[in-house]
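Reading the structure
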Amino acid sequence: ETLRVAVIGAGRMGADHIQRISKRIHGAEVAAVVDVDLARAQAAIEGIPGAVALADADEALNNGDVNAVLIATPGFLHEDILLKALARDIPILCEKPLTPDAASSWKIVEAEVALGRQRIQVGFMRRFDAEYATLGSIIRNHELGELLMLHHQHRNPSTPEGFTNEMLINDSVVHEFDAIRFFTGEEITSVQVRLGKATKNAPSGQHDPQHVLLETESGVLADVEIYVNAKFGYEVATQASFEDGIVSIGGDKGPYTRSSGRWGGNVTPGFEERFGAAYDVEIQSWVDAALKGGIGGPSAWDGYATAACCEAGVEAQKNGEKVAVKLAPKPDLYK
Ligand code: ISE
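Residues numbered from 1 in each chain as written. Predicted model: local features only at pLDDT ≥ 70, side-chain atom pairs only at ≥ 80, totals over all residues. Heavy atoms only, no water.

The immediate surroundings of the ligand are formed by Lys96, Met125, His154, Asn156, Phe163, Asp171, Ser172, His175, Tyr234 and Phe271. In this structure, an oxygen atom belonging to the ligand sits 2.6 Å away from a side-chain N or O atom of serine 172. At 2.6 Å from an oxygen atom of the ligand is found a side-chain nitrogen or oxygen belonging to tyrosine 234. Tallying contributions element by element places helix H7 (residues 165-184) first for the shell around the ligand, with 3 residues. Split into classes, the residues belonging to the shell around the ligand amount to 4 nonpolar, 4 polar and 2 charged. (Near = heavy atom within 4 Å. Polar contact = N/O pair within 3.5 Å; in protein donor to acceptor, adjacent residues only side chain to side chain. Helix = DSSP H or I, 4+ residues; strand = E, 2+ residues; numbered from the N terminus. Nonpolar A, V, L, I, M, F, W, Y, C, P; charged D, E, K, R; others polar.)

Right under this line is the structure:
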């Protein structure tokens, strides 16, 4: 059996997933690629036998050859496609964010609960990064005693056109919201955002960097430096403080070279390179689980909970206060 996947959105992430599915993933094929820019969809299916290029998501969802969907459009377009794909009761991999706000994410959760089975996996790929997985198990197994604090750095070289101040939270820090929930197994209870001295390298309207302060149900404190015009390259790293030690992940990787009187190595240019292996494991896990009728990673509940954190974060950006994260009770489907 094979997943015949419609990829909706042939932008940066969609194009990356199309290559991944057609070259490296077992048990799935690209059946259709949808993009409002039909030429972009056509370019994306080049060399992929049996794939069609379309300009309309409905056409892909109604196509009998399609039995799964990967949503890689901008976040504000996810809701409509998610509801239609749920109505068709097919496996869904939805890139983050699930939707841009808690109310629309809750609608998705309700629709899935009404369906009665989990069909949506959300694209929080960091959970599939080898070092993230290792730190996660150190925490869960209490190998170094209790986890006390998490310090995150999230740095991008620059931002694409149209990347707003809110997107620092909704599109970037959303990953840390999920990572902190993944590491601690707890919900985040509050978010505060501090805006300090800003770089001149940010586009107008964006205050960059920002310092995001969070706490979890048991009182674990976490902070995130989100710095999206950091120029030097892409970096996502975490330092975890335990009762019996400190663990750092995501630092520079080899090869470490010495030549001509200097030492150094390479910085990853973007998330495709930094998380390439994690994306492969993520999509394979989705496909394997989907072929058995389930999901293989973060759920719509995780999408909803992180959307609630984002909403609190955007409010906190504006008022400088510590804003509580409000969550509806977790439906049994996700327990
Ligand atoms: C982007 O959308 C991602 O998901 C990347 O992982 C993140 O590092 C980046 O800041 C976002 O814009």
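You can see proline 49 is positioned in the loop between helix H2 (38-45) and strand S3 (52-54). Taking the C-alpha atoms as reference points, proline 49 and glutamate 29, separated by 20 residues in sequence, lie 9.4 Å from one another.

Spatial ordering of the open sheet is given by S12-S11-S7-S10-S9-S8-S15, a layout of 7 strands whose pairing is mixed. The two strands at the open ends of the sheet, each matched to only one other strand, are strand S12 (245-249) and strand S15 (323-324). H7 contacts strand S7 (147-155), strand S8 (188-194), strand S9 (210-216), strand S10 (221-227), strand S11 (235-242) and S12 of the sheet and is inclined by roughly 145° relative to S7. (Pairing = 2+ DSSP bridges. Contact = heavy atoms within 4.5 Å. Axes fitted to C-alpha atoms, helices over the stretch in contact; angles between N-to-C directions.)

A separate point is the domain arrangement of the protein. Its domain assignment divides the protein into domain 1 (3-125 + 277-304) and domain 2 (126-274). With centres defined by C-alpha atoms, the gap from domain 1 to domain 2 works out at 26 Å. In this assembly, 20 residues from domain 1 lie in contact with 14 residues from domain 2. Between domain 1 and domain 2, roughly 1500 Å² of surface is buried when both sides are summed, and carbon and sulfur atoms account for 57% of that area. Taken as a group, Arg12, Phe124 and Met125 account for 39% of the area that domain 1 buries against domain 2, more than any other trio of residues on that side. Across the domain 1-domain 2 interface, the total number found is 3 salt bridges. Our enumeration of links across domain 1 and domain 2 arrives at 7 residue pairs in polar contact (both at pLDDT 80 or more). The set of elements that each furnish at least two residues to the side of domain 1 that touches domain 2 consists of helix H1 (12-23), helix H9 (276-291) and helix H10 (300-319). Residue composition of the side of domain 1 that touches domain 2, by class: 10 nonpolar, 5 polar and 5 charged. (Domains from an automatic or database assignment. Buried area = accessible area lost by both parts, 1.4 Å probe. Salt bridge = Lys/Arg side-chain N within 4 Å of Asp/Glu carboxyl O.)

A separate point is the packing of aromatic side chains. Under the counting rule described, the total for this entry stands at 7 aromatic pairs. Summarising the aromatic geometry, the rings of tyrosine 234 and phenylalanine 271 are spaced 5.9 Å apart at their centres and angled 70° between planes, so their arrangement reads as edge-to-face. Of this pair, tyrosine 234 sits in the loop between S10 and S11 while phenylalanine 271 is found in helix H8 (residues 271-274), placing the two residues 37 residues apart along the sequence. Between tyrosine 234 and phenylalanine 275, the ring centres sit 6.4 Å apart and the planes meet at 85°, which makes this aromatic pair edge-to-face. Placement of tyrosine 234 in the loop between S10 and S11 and of phenylalanine 275 in the loop between H8 and H9 is noted, with a sequence separation of 41 residues between them. Residue tyrosine 234 is classed as buried on the basis of its relative accessible area, which comes to 5%. A relative accessible area of 0% means that phenylalanine 275 is categorised as buried. Among the aromatic residues, those joined into a ring-pair cluster are Trp106, Trp301 and Tyr304. Above the face of the phenylalanine 275 ring, arginine 274 is positioned so that its terminal group lies 4.2 Å from the ring centre. (Phe/Tyr/Trp six-rings, centres within 6.5 Å; stacked < 30°, edge-to-face > 60°. Buried < 20%, exposed > 50% of the residue type's maximum accessible area, 1.4 Å probe, protein only. Lys NZ or Arg CZ within 6 Å of the ring centre and 35° of its normal.)

Given a rise of 1.5 Å per residue, 16 residues ought to cover 22 Å, and the 23 Å separating the end C-alpha atoms of H9 matches this to within 8%. Of the residues making up H9, those classed as buried are Gly276, Ala278, Tyr279, Asp280, Glu282, Ile283, Gln284, Trp286, Val287, Ala289 and Ala290. (Expected span 1.5 Å × (residues − 1).)

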